[in-house]
Structures are given as structure tokens and as C-alpha cells.
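Breakdown of the fold
Residue strings, one per chain:
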Amino acid sequence: MKKTILLFALIGIVFLHSCKNKEGKGSDNQNVDISEVENFLKEYEQKYVELVTAAGEAEWASNTYIVEGDTITSKRVQETQEALYAYTGSKEVIEKIKAYMKLKDQLSPVQQKQLEVMLYKAANFPQTAEELVSERIKAEDAQNKTLYGFNYVLDGETVSTGQIDEWLKTETDIAKRQKIWELSKEVGKDLKPGLVNLQRLRNETVKSLGFTDYFSYQVSEYGMTTEEMMTMCKQLIKDIWPLYRELHTFMRYELAAKYGKEVPEMIPAHWFPNRWGQEASSLVDVQGIDLDKILEEKGSEYLVRQAERFYLSLGFDSLPNSFYEKGDMYPLPKDAKHKKNSHASAWHMDLQQDVRCLMSVKPTAEYYATTHHELGHIYYYLEYANPNVPMVLREGANRAFHEGVGSLMGLAAMQKPFLAELGLIEPDVKTDDMQMLLKEALDFAIVIPWGAGVMTHFEQALYNENLPENEFNKKWWELKEKYQGIVAPTERGEEYCDAASKTHINNDAAQYYDYALSYAILFQLHDHIAKNILKEDPHATNYFGNKDAGQFLQGILSVGGTRDWRELLKEATGQELNAKAMVAYFEPLMGHLQKINEGRKYTLPETID
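No experiment lies behind these values; they were computed from the predicted model shown.

Section: the overall build of the protein
Along the protein, the regular secondary structure elements total 25 helices and six strands. The C-alpha radius of gyration computed for the protein amounts to 24 Å, which stays within 12% of the reference 25 Å derived for 609 residues, consistent with globular compactness. Here the protein holds 609 residues, and 59% of them are scored as buried. Considering only contacts in the protein between residues 6 or more positions apart, those separated by 24 or more positions represent 79%. With the model as given, the accessible surface of the protein reaches about 24,300 Å², and the carbon-plus-sulfur share is 47%. If the 68 positive side-chain charges of the protein are averaged to one point and the 92 negative ones to another, these points end up 0 Å apart.

Examining the packing of helix α2 (residues 72–88) against helix α5 (residues 130–148)
α5 packs onto α2 with a crossing angle of 140 degrees between their chain directions and a minimal axis gap of 10 Å. Classified by chirality, the crossing of α5 by α2 is right-handed. Facing Ser 74, Val 77, Gln 78, Gln 81, Glu 82 and Tyr 85 of α2, the residues of α5 in contact are Val 133, Ser 134, Ile 137, Lys 138, Asp 141 and Lys 145. Split into classes, the residues belonging to the contact of α2 with α5 amount to four nonpolar, four polar and four charged.

As for the pattern of salt bridges
Following the criterion strictly, the structure yields 27 salt bridges and no others. Glu 79 serves as the salt-bridge partner of Lys 75, at 4.0 Å between the closest nitrogen and oxygen. Here Lys 75 pairs with Glu 79, and both are found in helix α2, just four residues apart, close to one helical turn. Assessed through its relative accessible area of 52%, Lys 75 is described here as exposed. Ionic pairing is found between Arg 566 and Asp 564, a salt bridge with its closest N-O pair at 3.6 Å.

Observations regarding the nonpolar core
Ranked by size, the top nonpolar core spans 190 residues in total, and within it Leu 247, Phe 323 and Phe 586 carry the most contacts. A per-element tally of this core places helix α10 (residues 226–259) first, with 15 residues. Not counting residues up to four positions away in its chain, the partners in contact with Phe 586 are Leu 243, Leu 437, Glu 440, Ala 441, Phe 444, Ala 445 and Phe 523. Ala 129, Leu 132, Leu 198 and Leu 201 belong to the second-largest nonpolar core, a separate cluster that totals five residues.

Some thoughts on the environment of Ala 400
Residue position: Ala 400 is located in helix α15 (residues 399–412). For Ala 400, a relative accessible area of 0% translates into the label buried. Apart from the residues within four sequence positions on either side, Ala 400 is in contact with Tyr 222, Asp 514, Leu 517, Ser 518 and Ile 521.

Some details on a negative patch on the surface
Side chains of Glu 166, Asp 285, Asp 290, Asp 292, Glu 296 and Glu 297 sit close together on the surface and give a patch of like negative charge. When residues of the negative patch are assigned to their parent elements, the largest contribution, three residues, is made by helix α11 (residues 291–298). For Glu 166, the position within the fold is in helix α6 (residues 161–170).

Some points on unusual backbone geometry
Despite not being glycine, Leu 351 has its phi angle at roughly 65 degrees, a positive value. Among the structural elements, Leu 351 can be located in the loop between β4 (345–348) and β5 (355–358). Although it is not a glycine, Lys 535 sits at a positive phi angle of roughly 60 degrees. For Lys 535, the location among the structural elements is in the loop between α21 (513–534) and α22 (547–557). Owing to a relative accessible area of 63%, Lys 535 belongs among the exposed residues under this scheme.

Some remarks on the packing of aromatic side chains
Considering all chains together, one arrives at 37 aromatic pairs under this definition. Seen from their ring centres, Phe 150 and Tyr 152 are 4.7 Å apart, and the 75 degrees between their planes marks the pair as edge-to-face. Classification of Tyr 152 as buried rests on a relative accessible area of 5%. Judged by centre distance (6.4 Å) and plane angle (15 degrees), the rings of Phe 310 and Phe 544 are stacked. With a gap of 234 residues between them, Phe 310 in helix α12 (residues 300–313) and Phe 544 in the loop between α21 and α22 connect regions that are remote in the sequence. Residue placement shows Arg 136 over the ring face of Phe 125; its charged tip is 4.0 Å from the ring centre.

Thresholds applied
- Residues numbered from 1 in each chain as written.
- Predicted model: local features only at pLDDT ≥ 70, side-chain atom pairs only at ≥ 80, totals over all residues.
- Heavy atoms only, no water.
- Helix = DSSP H or I, 4+ residues; strand = E, 2+ residues; numbered from the N terminus.
- Rg over C-alpha atoms; globule rule 2.2 N^0.38 Å.
- Buried < 20%, exposed > 50% of the residue type's maximum accessible area, 1.4 Å probe, protein only.
- Contact = heavy atoms within 4.5 Å.
- Areas by Shrake-Rupley, 256 points an atom, 1.4 Å probe, with all protein chains shown as cover.
- Lys, Arg positive; Asp, Glu negative; His and termini not counted.
- Charge placed at Lys NZ, Arg CZ, Asp CG, Glu CD.
- Axes fitted to C-alpha atoms, helices over the stretch in contact; angles between N-to-C directions.
- Left-handed = near helix turned anticlockwise from the far one by under 90°.
- Nonpolar A, V, L, I, M, F, W, Y, C, P; charged D, E, K, R; others polar.
- Salt bridge = Lys/Arg side-chain N within 4 Å of Asp/Glu carboxyl O.
- Core = buried A, V, L, I, M, F, W, Y, C linked by side-chain atoms within 4.5 Å.
- Patch = residues over 30% accessible without salt bridge, like charges linked within 9 Å, V, L, I, M, F, W, Y side chains within 5 Å.
- Phe/Tyr/Trp six-rings, centres within 6.5 Å; stacked < 30°, edge-to-face > 60°.
- Lys NZ or Arg CZ within 6 Å of the ring centre and 35° of its normal.

This is the structure we're talking about:
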């Protein structure tokens, strides 16, 4: 799973000349003319586009060209971000927004929403707390460089995170696996002091505009309270729990057999084929489909170009030339003198046509799905970069929609009829469809306990409850065991900070519930497209070339953040957000797993609170 950096894509403003009433009649605003609001919005946009573009370029350089000892790039990031936040979070801007929001009855709904989002953005880096803002920008940049500049050394040799990930998928020697897994967590020691500092800085910067803590601040973008978000996350976990319990039991026995060990009560973390236990699809091979071999012959560039062809077939426009000219989509050469952020991400640089991807694409099935996912974000950006959507509302209906759309396209691109359409497999290829469903469950379903459970509850404790620094690792492993049934291979004291080895904890804070919600949205959208547009089995669809499916998606993407996300989802699918479509999708697998697990010991409870 690749978390897209929606860098600066959520801020900006455009002038909407839709309000004809020129008289301000609010009792507290007799002297405010509506034209004054319109002028403010126009001026804000002009200045903001300039600032956001400069800040985006600096951040891009910071992530694509990491050199040990470089201070110039870091200084540029800090200077451009401080300039950006000095304007958007200035006292003058905040005061004007608050005053103009009192004219609610005389503003259009879109103008109202613009002001609300502007105030939300101002609260992240308010100049009413100028020193804190400056300190936080510097601290976040330093944390990012510590994370991606860390030198992983195994047996005296430097290794990449890509190598670590590959070893965890293929190595069968348990002692070696533990050594590799422990190495992957070493960066947490260096990151812990910075995370402790950021816990304080993030909480304090948002308090100046009335938010109790940073977690509550992030959740408010959904129009929800912390309690409402936690309730929603817990419900998603409860919905998927019976399936996850079967998957957990299956994995315990399968992994024990694979490694020649006794079946454990809980799964040791280093047994998982993923550093965080967030997916395990590599445990399953689907006979008849060997995409890695086929894609290796086609090369890395094919994956990106083919992903674009998919969207073109649905009726979307070609990508701008700048996407290929300015993007950074392939691994660095071995003799490169610099490093880069290896986490796949999509970037909207100027909220207009400058869209880029940062990836390290290799010709594998995993990256084949990743390229379709990341281009989902790219096309979302381009669809709402239209005159009907103000700059500040050029974002997903909510953050989860962005991830949901990307994951939807990744899922669609992996289904057999679609692969056959591309000539990547034979149309009549014989495969074990239940194995395919199991592989998908180990990719999608287990993200719910991980994302809505471990990550969300940890960050809620970190910010909302001010988790003490001497309890970071204790809390992390309590949550890992409760929601995932995963335990550390050895005692992990507070000198470690295993949570911080996950990139989102550091530079995409308090938003990981986005993934859980996005997967619910993914299956709701897929279920609707399959059954109502394609008239196909949701397990065997072919989106390629279907203009009706493209129009359905464009209708959702093109409105950006101008619509309430609840209304948009219900209008599109007929339902409010839930995991029912996901549960239904994997229903055939439930019976299959129950037969396999018959007579086996279950160690997770039947229900979870």
C-alpha cells in the first residue's frame, strides 16, 4: 500500500463571482460589503498560487535529492514553507476569514466552504503561534531527512529498504529473518526524539485556533469529532473481524509449516512478509499467472505507460508532457551520489496541470498495481483542476476518497478479464480463483485492523491523550497484539520506537484512518461499477475501454471537495460508508477458510471491542 503525499494539494483559493448580493446585513458586520469578500478571495488566490508552487518545488527537491550534509535544500524548504504559512496563517487572514464567515446567509455554499477550509488550513500553521510554526517546520524537515537518510547496515554492508522488503518476502531462515526485521526498526531509535518533539509542536500549533489536539484537528476535516471517527473505525474492524480471525488462524498455521516451527499463539512480527504486518499477499501464489516474468520482459517504463493507457481507455485525457519530464519514477542507479524518498507518491505541485509521481518502479506485479494506483491520484488531481472547483477545494471529497480511487484502479487492473484484455495472460488461463481471493484478502482485508486499529489508535493516543514518551513502544505492541494478533520477536523496550519506522507517523501524521475508510469506499465503488455499469461479477471485471465506467468516475472526481463527502458517496452508490461490500466480496473465502481451519486453534477472540 502506498500512501500518496497530497502535498499542498489541499490549500489554495479561487475567486467565485457567484454572489450577487452586495450588502452585508449581519448585525455584527454592517460595514462589510460582499464585494470585499470577493476581492479578498481573488487576492488570496493570486498570492497563494505563487507561494504554494515555490514550497512544492522545494519539498520535491528535498524528497528526490537527499545528500548527507546538505543544508541548502533544508533551508529552502523551511524558507518557502514559512513564507507560505506566514501568509495563509497570518493574523490578518484569520481575522478576515472569521469576520466573513459571519456573512453566511449572503455567501454561496461554495464560498462558505472555501472560508471554512481556509480556516482549517490556517490552524495547521497559524502565525498567531509564529515561533512554534517555525520550529515545527524545521523539526518536520529534520525528521524526514533522518527517516530517508538512515543508513541500514547488515553484516557490515549498507542495504536499502527495498532489499529489506524483498528479503522479508523470500528468506526462510528464521534467525536471518529476525536479524533483517530488527534492522528495519533501528531507524526508530533515531526518530524517537524527533517524534516526541513533534507530538508537542503539532498539538500546540493547532490549539491557537481552538482545536484540543492535532488528532482532533485532522479528523475535523471530515466534519467529524474524534469520538465519531473512532466509532466509525471500530465499526469497520467489527465488520471485518470474522474474516480477519480466519485469516489470522490460517497464517499462523501456514507460516509455522513454512518455517518448520510450532504454531504460535500470536504471529511473531518477523514471520510476516512485510515490515509492519500491513499486508501478506506474497504468501500466496496464484498458479497460471506469472506477471513478474511477463513484466520483466516489458520493462519498467511499460508499467507507467500502460497505466496511462488504462485511463485513456475510460475517456480521460492524456497526461501532460511535464508528468514524464519532471517526475522521478524509477530507482536510482547503484552509483548514485544521493538518495531519495523511496515511498511511492503522487504530487499536485501547483493545483493545476503540474502533476508528478515519485516512485521506484520495477517491472513486477506489485509495481504494476502501484502505478495504476498512483495514476488514480494523478487523474483525480487533473479532473478537479477545472474552473468550477476553487483552488482550496481541489482535493478529494475527503482524504479517503483519494486513496479509495487509487486502490480501486489497482484492484481493477489485477482482475483476470482485464489482464487478458491487455494480453498479459491468456483469456482461457486456468487459475485457482479461491487462491486469488485469498491473495486479495491478504492485501485488502487485513489493512482494516492495521489501519483503523493499530495506526489510528496509536496516533489518537499520541496526540489526543498525550501518550508519555516512556510508553510509546509499550502502547504500540499492545495495539499490535489486540488488533492484529502480532507480537514482537523479543522484548522491545522504550529505547526503541517501532511505530516511528512507519513513514506516516513522521510526515503524514494522524491520518492513517484514511486507508481503512478508503478500502470501504473502494469496495463500495467497485461493487456499484461491477453490478450496475459493467453487469459483471465483482470478482471478474474488465473496466478497460468502458466509457460508462469512466463517466461515473469522472462525475465523482471532477467535483473535488465542493460536495459533502457523505452526500456524494450516497448519491453515487446509494449507501453511506460501510464495509458491507467488502465483506460480501470476500464471503466465498470465509467458507473456504473455515474448512481449512477446522480443528485448528483460534487465538483471537470471536468479537472485538
